[in-house]
Amino acid sequence: RILVKVGSFRASKEGEFVHKLKQLDFTRFVSNEGTTFQTTTRLKGCRLYHTGMVDNLVQTALRQFDSGESLNSCSQRLIVSGVNDKMSIAIDTSGEDLHRRHYRMFYNLLSFLA
């Protein structure tokens, strides 16, 4: 994975998390039209302990980029990690997983034929 760090901040409450997330500059990494975010969250020792709630807060805060399903819509993977209330936000720039890009698709076939 190739991750680009968008920013980091301290947050211990829901409103504080949303406010500080909205202050980060995502326009350098995503366009304003039709971008949806898939969120992966890892938390340890945070007061915001529920990863599902943090995922929902991210979707709420970044709704400005989601203009619904359009022909030009794309999905961007966002990694949220928090340790002791210090949140770090990163965007995964590697694209789809290797198994979805058919990496080593013919490897098993060639070993079978040998």
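Now for a description of the structure that goes with this document.

## Let's talk about the nonpolar core
Point 1. If you look at the biggest cluster of nonpolar residues, it comprises 22 residues, and the most contacted ones within it are Phe9, Phe17, Leu21, Phe26, Leu78 and Ile89.
Point 2. Setting aside chain neighbours within four positions, we find Phe17 in contact with Phe9, Ala11, Leu48, Val54, Leu57, Val58, Val80 and Met87.

## Details of the packing of aromatic side chains
Point 1. For the structure shown, the criterion picks out two aromatic pairs.
Point 2. With a centroid separation of 5.7 Å and 55° between ring planes, the pair formed by Phe9 and Phe17 is classed as tilted. Neither Phe9 nor Phe17 differs from the other in exposure class; each is buried.
Point 3. Between Phe26 and Phe37 the ring centres are 6.1 Å apart and the planes differ by 65°, which places this aromatic pair in the edge-to-face class. Pair noted here: Phe26 is in the loop between α1 (14-23) and β2 (35-44) and Phe37 is in strand β2, with a separation of 11 residues, a long-range link. Both residues of the pair, Phe26 and Phe37, belong to the buried class.

## Topic: the packing of α1 against helix α2 (residues 51-61)
To characterise two packed helices, one gives the angle between the axes of the helices and the distance between these axes.
Point 1. At a closest axis distance of 9 Å, the pairing of α1 and α2 adopts a crossing angle of 45°. Judged by the inter-axis angle, α1 sits oblique to α2. α1 and α2 meet at a crossing whose hand is right-handed. Counted together, Glu14, Phe17, Val18, Leu21 and Lys22 of α1 and Met53, Val54, Leu57, Val58 and Ala61 of α2 form the full contact between these two elements.
Point 2. Of the residues that constitute the contact of α1 with α2, the class distribution is eight nonpolar, no polar and two charged.

## Things to note about the pattern of salt bridges
Point 1. Taken as a whole and judged by the stated rule, the model has four salt bridges.
Point 2. A salt bridge links Arg47 to Asp85; its shortest N-O distance comes to 3.6 Å. With Arg47 in the loop between β2 and α2 and Asp85 in the loop between β3 (74-83) and β4 (86-92), this pair connects stretches of sequence that are 38 residues apart.
Point 3. For Arg47, a relative accessible area of 60% puts it in the exposed group.
Point 4. Between Arg77 and Asp92 there is a salt bridge, and its shortest N-O distance comes to 3.8 Å. Highlighted residues: Arg77 in strand β3 and Asp92 in strand β4, separated in sequence by 15 residues.
Point 5. Overall, the relative accessible area of 4% leaves Asp92 in the buried class.

Rules and cut-offs
- Residues numbered from 1 in each chain as written.
- Predicted model: local features only at pLDDT ≥ 70, side-chain atom pairs only at ≥ 80, totals over all residues.
- Heavy atoms only, no water.
- Core = buried A, V, L, I, M, F, W, Y, C linked by side-chain atoms within 4.5 Å.
- Buried < 20%, exposed > 50% of the residue type's maximum accessible area, 1.4 Å probe, protein only.
- Contact = heavy atoms within 4.5 Å.
- Phe/Tyr/Trp six-rings, centres within 6.5 Å; stacked < 30°, edge-to-face > 60°.
- Helix = DSSP H or I, 4+ residues; strand = E, 2+ residues; numbered from the N terminus.
- Axes fitted to C-alpha atoms, helices over the stretch in contact; angles between N-to-C directions.
- Parallel < 35°, antiparallel > 145°, perpendicular 65-115°, else oblique.
- Left-handed = near helix turned anticlockwise from the far one by under 90°.
- Nonpolar A, V, L, I, M, F, W, Y, C, P; charged D, E, K, R; others polar.
- Salt bridge = Lys/Arg side-chain N within 4 Å of Asp/Glu carboxyl O.

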